[in-house]
Amino acid sequence: MEAVAEPGNLAGVRNIILVLSGKGGVGKSTISTELALALRHQGKKVGILDVDLCGPSIPHMLRAEGKAVHQCDQGWVPVFVDQEKTISLMSVGFLLENPDEAVVWRGPKKHALIKQFVSDVAWGELDYLVVDTPPGTSDEHMATVEALRPYRPLGALVVTTPQAVSVGDVRRELTFCRKTGLQIIGVIENMSGFACPHCAECTNVFSRGGGEELAQLAGVPFLVFCQVSAYFCLFTREGLVSVRMPQCT
Amino acid sequence: MEEAPHGCPGIDSAQAGRGASCQGCPNQRLCASGAGAAPDPAVEEIKEKMKTVKHRILVLSGKGGVGKSTFSAHLAHGLAEDGDTQVALLDIDICGPSIPKIMGLEGEQVHQSGSGWSPVYVEDNLGVMSVGFLLSSPDDAVIWRGPKKNGMIKQFLRDVDWGDVDYLIIDTPPGTSDEHLSVVQYLAAAHIDGAVILTTPQEVALQDVRKEISFCHKVKLPIIGVVENMSGFICPKCKKESQIFPPTTGGAEAMCQDLKIPLLGRVPLDPLIGKSCDKGQSFFVEAPDSPATAAYRSIIHRIQEFCSSHPSLKGTEPSATCS
């Protein structure tokens, strides 16, 4: 399973962004998907690399389940999720015969597949490659950072919810970024509040304050991600940076 | 076994020690001799250690952020409300150890004694162990590959002096990887009563949970049942219910019917749950009248019933405290 590095396969990728969190269930895959769709909305060509081997969520989010991965001379052809071929995706989800089958692998095998995903997928020309990761600071993360290092990723977006329990885990992820030389582009706070569809009252269902605290700790920009009506929006203190009308639920 | 090389075929594989990636690995000779495939002596040592533990419950989910640690903590709190029941809570989420914070034990350290590591006690009858207690700073990251995480889990099971315990609850990280394989393998001789599987109602979570259920079947781990968490939200202002994580494919109920697995219960999303966990307080004490508290208690009762109607098998001696 040794993959020989093919500089050609990532040579056409201009920007690589990792989406990380120490904590599970904060919305990494949702934000990776929304980020890709927002960039596509701006006319960019985007690829998504899903390195969550145990819980690959991106195919479902982009309604690309069941699609097959083809081979070409340069390796695997990523799956295009749209007719216009503006978003391509690679995920272990496409390699499973049965979607309910568990990928029960220990670290070394996960490491080997991630190396292949980086070097053996024919991404072609991309403005952005968004890399969605599982929670934690272990094999998948080390493999991904190691394999991407020669291609100099832009950095990482680190996702948290407002809860202190989430911040507790995500602080460790910030340390991981520092130790591995990964620049932190910003901290995104997700699930900041839920607006009741009946009376519009906004409740802090997962506590409050965590994202801002984390951004201050890391000395990086603080971004809030939320759904306002049907729009997905990313805010800084100065205001709205990105808005998108979702095409899928 | 120390760090395995990339492309390691696995110590149990027929190619162990013989594959191309084995060249240069310090364990190559061991694997090629077949000794790597011999059972780990720790399994028997752990079986001995577990003789004073009546019931072992694993809390699992394929999906992150569905409330495993919150549930594990409150299962422990709920069981320990009976002063005669001895409860132990083991956190094997090595990279993201949330249990110390949720149990109000942040900053505590582990002590060694002649009989092993001492758990940190919340109450006289509720002891906790987590890698969080071994880290000196809240910013310390545990950047370990699988083999090192497995070593830690082995130590937790073999070297912690739990004493006489009625329930050992094991909180796990999301996924189906090293931690999960290791805890099942190390407890192979000691027997796990069963797994409680957590999910939230939406399909993205259920997808991962089906994989976890498949994992349980693969390793022959009995499933006590599924808990659907964050199941509906009551607005504190208008009191109407809405779904934050809509069950577009029928939620846990449909999945459980499909896979013929018990649905132990549904816990609604009460914002006080998150706040209690952040403060390290039991939600049962903070909000005794919440529908979420009632839901948790009913689920805990069903788990107790499962444990008493499926008595632990070989390797258990009668405990001084009977539940």
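Conventions used here
Residues numbered from 1 in each chain as written. Chains lettered and ligands numbered in written order. Predicted model: local features only at pLDDT ≥ 70, side-chain atom pairs only at ≥ 80, totals over all residues. Heavy atoms only, no water. Contact = heavy atoms within 4.5 Å. Buried area = accessible area lost by both parts, 1.4 Å probe. Salt bridge = Lys/Arg side-chain N within 4 Å of Asp/Glu carboxyl O. Polar contact = N/O pair within 3.5 Å; in protein donor to acceptor, adjacent residues only side chain to side chain. Nonpolar A, V, L, I, M, F, W, Y, C, P; charged D, E, K, R; others polar. UniProt positions renumbered as here; feature names shortened; annotations may be inferred. Helix = DSSP H or I, 4+ residues; strand = E, 2+ residues; numbered from the N terminus. Core = buried A, V, L, I, M, F, W, Y, C linked by side-chain atoms within 4.5 Å. Buried < 20%, exposed > 50% of the residue type's maximum accessible area, 1.4 Å probe, protein only. Phe/Tyr/Trp six-rings, centres within 6.5 Å; stacked < 30°, edge-to-face > 60°. Lys NZ or Arg CZ within 6 Å of the ring centre and 35° of its normal.

## Section: the interface of chain A and chain B
(1) Moving on: Chain A puts 55 residues into the contact, and the matching count from chain B is 62 residues.
(2) Moving on: For the pair chain A and chain B, the two sides together bury roughly 4,800 Å², of which 57% comes from carbon and sulfur.
(3) Moving on: Taken as a group, A:V104, A:R106 and A:R172 account for 15% of the area that chain A buries against chain B, more than any other trio of residues on that side.
(4) Moving on: At the junction of chain A with chain B, the criterion picks out four salt bridges.
(5) Moving on: A salt bridge links B:K218 to A:E101; the shortest N-O distance between them is 3.6 Å.
(6) Moving on: The tally of links from chain A across to chain B stands at 28 residue pairs in polar contact (both at pLDDT 80 or more).
(7) Moving on: Grouping the amino acids of the side of chain A that touches chain B by side-chain chemistry returns 23 nonpolar, 17 polar and 15 charged.

## With respect to the UniProt feature "domain: AAA+ ATPase" (unreviewed entry) in chain B
(1) Moving on: Mapped onto this numbering, the UniProt entry gives "domain: AAA+ ATPase" (unreviewed entry) at residues 54–210 of chain B.
(2) Moving on: Across residues 54–210 of chain B one finds 31% helix and 25% strand; the C-alpha atoms that close the span lie 29 Å apart.

## Considering the nonpolar core
(1) Moving on: Counting residues in hydrophobic clusters, the biggest one holds 91 residues, and the most contacted among them are B:F71, B:F156 and B:I303.
(2) Moving on: Considering every element that reaches this core, the biggest residue donor is helix α11 (residues 291–309) of chain B, with eight residues.
(3) Moving on: Once residues lying within four places of it in the same chain are set aside, the contact partners of B:I303 are B:I57, B:F71, B:L75, B:V196, B:I224 and B:L264.
(4) Moving on: A:I48, A:W123, A:L129 and A:F225 belong to the second largest nonpolar core, which has 66 residues in total.

## Notes on helix α9 (residues 271–279) of chain B
(1) Moving on: All of the buried residues along α9(B) are B:P271, B:I273, B:G274, B:S276, B:C277 and B:D278.
(2) Moving on: Where α9(B) starts, the residue carrying a side-chain oxygen 2.9 Å from the main-chain nitrogen of B:L272 turns out to be B:D270.

## Re the UniProt feature "binding site: [4Fe-4S] cluster 1" (unreviewed entry) in chain B
(1) Moving on: Annotation from UniProt places "binding site: [4Fe-4S] cluster 1" (unreviewed entry) at B:C8, B:C22, B:C25 and B:C31. Taking the farthest pair of C-alpha atoms as the criterion, the annotated set spanning 24 residues converges on one region, since that pair is 10.9 Å apart.
(2) Moving on: In this structure, B:C8 sits in the segment before α1 (28–32).
(3) Moving on: Overall, B:C8 belongs to the buried group, its relative accessible area being 17%.
(4) Moving on: If sequence neighbours within four positions are ignored, B:C8 has contacts with A:P108 and B:S21.

## Overview of the UniProt feature "binding site: [4Fe-4S] cluster" (unreviewed entry) in chain A
(1) Moving on: According to UniProt, the "binding site: [4Fe-4S] cluster" (unreviewed entry) feature falls on A:C196 and A:C199.
(2) Moving on: A relative accessible area of 2% places A:C196 in the buried class.
(3) Moving on: For A:C199, a relative accessible area of 26% translates into the label partly exposed.
(4) Moving on: Contacts of A:C199, omitting those with residues within four sequence positions, involve B:C235, B:K237 and B:C238.

## Concerning the side chain of A:N9
Residue and element names in this part refer to chain A.
(1) Moving on: Its location among the elements puts N9 in helix α1 (residues 7–11).
(2) Moving on: Engagement of the side chain of N9 in a polar contact is seen with the backbone oxygen of Q74, the distance being 3.1 Å.
(3) Moving on: Within the local environment of N9, its side chain forms a polar contact with the backbone oxygen of S119, the two atoms lying 2.7 Å apart.
(4) Moving on: Setting aside residues up to four positions removed in sequence, N9 forms contacts with Q74, S119, D120, V121, A122, W123 and G124.

## Some words on the packing of aromatic side chains
(1) Moving on: Scanning the model with the defined rule gives five aromatic pairs over all chains in all.
(2) Moving on: An angle of 65° between the planes, with centres 5.8 Å apart, marks the rings of A:W76 and A:F117 as edge-to-face. Taken together, the residues span a long stretch of sequence, with A:W76 in strand β4 (residues 75–77) and A:F117 in helix α4 (residues 107–119) at a distance of 41 residues.
(3) Moving on: Its relative accessible area of 14% is what places A:W76 among the buried residues.
(4) Moving on: The class for A:F117 is buried, based on a relative accessible area of 0%.
(5) Moving on: When the ring of B:W117 is compared with that of B:F156, the centres are 5.9 Å apart and the planes differ by 70°; the resulting orientation is edge-to-face. Note that B:W117 is positioned in strand β4 (residues 116–118) and B:F156 in helix α5 (residues 146–159), a separation of 39 residues in sequence.
(6) Moving on: A relative accessible area of 10% places B:W117 in the buried class.
(7) Moving on: An aromatic cluster of three or more residues is present, and its members are B:F71, B:F284 and B:Y296.
(8) Moving on: Across from the ring centre of B:F284, 4.7 Å away, lies the NZ or CZ of B:R297, which sits over that ring.

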